[in-house]
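Next come the chains, spelled out residue by residue.
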Amino acid sequence: TWHLKKIPQIVRERTFSLDSPKFEAKPNLELNSVCGIECQRKLPVPSLSDLKNLLSYETVFENGTRTLTEVRVLGAVPDPAANTTTPGPARRKRQIYGTDSRFSIYDKRFMTNFPFNTAVKISTGCSGILVSPKHVLTAAHCLHNGKDYVKGSKRLRVGLMKKHRRSGRKQGTSDGMPSFQWTRVKSTHIPKGWFKGVSGDVALDYDYAVLELKRPHKRKYMELGISPTIKMMPGSMIHFSGFDNDRSGQLVYRFCSISDESNDLFYQYCDAEPGSTGSGIYLRLKEPNKKKWKRKIIAVYSGHQWVDINGQQQDYNVAVRITPLKYAQICFWIHGNDENCTLG
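These figures come from a predicted structure and were not determined experimentally.

It is worth spelling out the overall build of the protein chain at this point. Across its full length, the protein chain carries five helices and 17 strands. Looking at the 344 residues of the protein chain, the share that counts as buried comes to 56%. Taking the intrachain contacts of the protein chain between residues at least 6 apart in sequence as the baseline, contacts between residues at least 24 apart amount to 75%. By element, 48% of the accessible surface of the protein chain is carried by carbon and sulfur atoms, the whole surface being about 15,900 Å².

What follows is the structure in structure tokens.
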């Protein structure tokens, strides 16, 4: 069952104008190794002033201008969070574990209907998920490398899968390949915790961003949910769909169980390739006091990582959990206030 939780408040304090970004960073769909489960246990719990710094955020607008918004955090119970990285070994990275268990969705009746129609393509090469009539959730590193915004993110676009009408003419996408309706992005929000100047290096815990579309869409979107612990998930199973690079033009769905967790991250072996980064990971649980089941996004897929566990480097595909604090921030970005974000 989805359990309602009281959400901390994110309150806007002040907003400053910043210099326009250079937009010169190279897109990197794979990150270096991060502080793993063992490493995170040794980190101090962030104070409220730390959280204020980490959850303040940058907004970049369509015309290239940029602002920094400082926030206050009210009613938060801080969790331990990773804020350092450790170098990983130069071994071969893999994103497919054993037999490839991914499913390519070919039937357009599935592809263009809920929940698969909530998956979107980001013009920098990642995936994302619709979280409101005007907002998309994705991974921060799809837009920013920790120091600068990536090339192409100044004129960022989001591709929504088109519904196809039958036509007498032969179409290049009639073989099960999705075609996209591209929409410009009006603004982008990224938490300050992602930037290297704040955390010393990129902190995977803050690898999430929200894009505001220039025009609203009329599709069903996926609601946000607070990420439960592994024990509270049916079969510990998660699901997500994205546009993996090795299956060009296809929508790829997968599900798997989570192997381990920290306060901010899930470690799992869901088969995935670059391109699916930024996909929304969701669960299907019962609504409180109802017989209905509901899917909600509980994490953002961040990509392949080497992490330190019991003194050894192990490779996982990692997802950033939507904690109560992150729920508060993402909800605030979507609604522009915290009135609609008191319960998650």
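In this structure the tally under the stated criterion is three disulfides. A sulfur-sulfur distance of 2.0 Å marks the disulfide that ties cysteine 331 to cysteine 341. Its torsion about the S-S bond being -85°, the disulfide of cysteine 331 and cysteine 341 is classed as left-handed. Of this pair, cysteine 331 sits in helix α5 (residues 324-335) while cysteine 341 sits in the segment after α5; the two residues are ten residues apart in sequence, bridging distant segments of the chain. Accessibility expressed as a relative area gives 5% for cysteine 331, which makes it buried.

Along the chain, serine 187 falls in strand β9 (residues 180-191). Residues in contact with serine 187, not counting those within four places in the same chain, are Thr59, Val60, Phe61, Val210, Leu211 and Glu212.

Secondary-structure assignment places histidine 189 in strand β9. Relative accessible area serves as the criterion here: at 11%, histidine 189 is assigned to the buried category. Within the structure, histidine 189 has its side chain in polar contact with the side chain of threonine 59 (distance 2.8 Å).

Leu55, Leu137, Val158 and Tyr208 are the most contacted members of the largest nonpolar core, which has 69 residues in total. Look past the residues within four positions of leucine 137 in its chain and what remains in contact with it is Gly128, Ile129, Val131, Tyr208, Ala209, Val210, Leu224, Gly278, Ile297, Val300, Ile322 and Ile330.

So, on to the pattern of salt bridges. For the structure shown, the criterion picks out eleven salt bridges. Note that glutamate 212 and lysine 134 form a salt bridge whose closest N and O atoms lie 3.5 Å from each other. Separated by 78 residues along the polypeptide, glutamate 212 in strand β10 (residues 209-213) and lysine 134 in the loop between β6 (127-130) and β7 (135-138) bring together distant segments of the chain. Between lysine 186 and glutamate 212 there is a salt bridge, with the nearest N and O atoms lying 3.9 Å from each other. With lysine 186 in strand β9 and glutamate 212 in strand β10, the pair connects residues that are 26 residues apart, well separated along the chain. Taking relative accessible area as the criterion, glutamate 212 reaches 17% and is therefore assigned buried. Overlapping salt bridges bring together Glu13, Lys52 and Arg72 as one network.

A few words now on α5. Counted at 1.5 Å a residue, the expected span for α5 with its twelve residues is 16 Å, and the 16 Å between its end C-alpha atoms agrees. Along α5, the positions that sit buried rather than exposed are Leu325, Lys326, Tyr327, Ala328, Gln329, Ile330, Cys331, Phe332, Trp333 and Ile334. Looking one or two residues past α5, glycine 336 carries a phi angle of roughly 80°, positive in sign.

Looking at where threonine 124 falls in the secondary structure, it is placed in the loop between β5 (119-122) and β6. Owing to a relative accessible area of 12%, threonine 124 belongs among the buried residues under this scheme. Residues threonine 124 and glycine 152 lie 28 residues apart in sequence; the distance between their C-alpha atoms is 6.2 Å. Look past the residues within four positions of threonine 124 in its chain and what remains in contact with it is Pro27, Cys142, Leu143, Val150, Lys151, Gly152, Ser153 and Leu156. Polar side-chain contacts of threonine 124 include one of 2.9 Å to the backbone oxygen of cysteine 142.

To describe a pair of aromatic rings, one takes the distance between the centres and the angle between the planes. As enumerated under the stated definition, the model contains ten aromatic pairs in all. Measuring from ring centre to ring centre gives 5.5 Å for phenylalanine 116 and tyrosine 253, while their planes differ by 85°; the resulting arrangement is edge-to-face. One end of the pair, phenylalanine 116, is in the loop between α3 (108-111) and β5; the other, tyrosine 253, is in strand β13 (residues 251-261), with 137 residues separating them in the sequence. For the pair shown, phenylalanine 116 and tyrosine 253 are each scored as buried.

An α-helical turn contains 3.6 residues, so any two residues separated by three or four positions project in the same direction. Every buried residue of helix α2 (residues 48-55) is listed here: Leu51, Leu54 and Leu55. The buried residues of α2 all sit within an arc of 85° when viewed along its axis, so they share a single face.

Okay, the environment of valine 131 next. Looking at where valine 131 falls in the secondary structure, it is placed in the loop between β6 and β7. By relative accessible area, valine 131 is classed as buried at 6%. Among all residues touching valine 131, those that are not within four sequence positions of it are Val136, Leu137, Tyr221, Met222, Leu224, Ile297 and Ile334.

Our focus in this paragraph is the confidence of the model for the protein chain. Detailed reading of the predicted coordinates is not advisable wherever pLDDT falls low. Of all residues in the protein chain, 78% attain a pLDDT of 70 or more, and the chain-wide mean is 80. Contacts for the low-pLDDT stretch residues 79-93, under 50 throughout, to residues beyond four places or in other chains number 47 contacts. Contacts of residues 167-174 to residues separated by more than four positions or lying in other chains number seven contacts, the stretch itself having pLDDT below 50.

Analysis parameters
Residues numbered from 1 in each chain as written. Predicted model: local features only at pLDDT ≥ 70, side-chain atom pairs only at ≥ 80, totals over all residues. Heavy atoms only, no water. Helix = DSSP H or I, 4+ residues; strand = E, 2+ residues; numbered from the N terminus. Buried < 20%, exposed > 50% of the residue type's maximum accessible area, 1.4 Å probe, protein only. Contact = heavy atoms within 4.5 Å. Areas by Shrake-Rupley, 256 points an atom, 1.4 Å probe, with all protein chains shown as cover. Disulfide = S-S within 2.5 Å. Polar contact = N/O pair within 3.5 Å; in protein donor to acceptor, adjacent residues only side chain to side chain. Core = buried A, V, L, I, M, F, W, Y, C linked by side-chain atoms within 4.5 Å. Salt bridge = Lys/Arg side-chain N within 4 Å of Asp/Glu carboxyl O. Expected span 1.5 Å × (residues − 1). Phe/Tyr/Trp six-rings, centres within 6.5 Å; stacked < 30°, edge-to-face > 60°. Arc of directions from axis to C-beta. pLDDT = per-residue confidence, 0-100.

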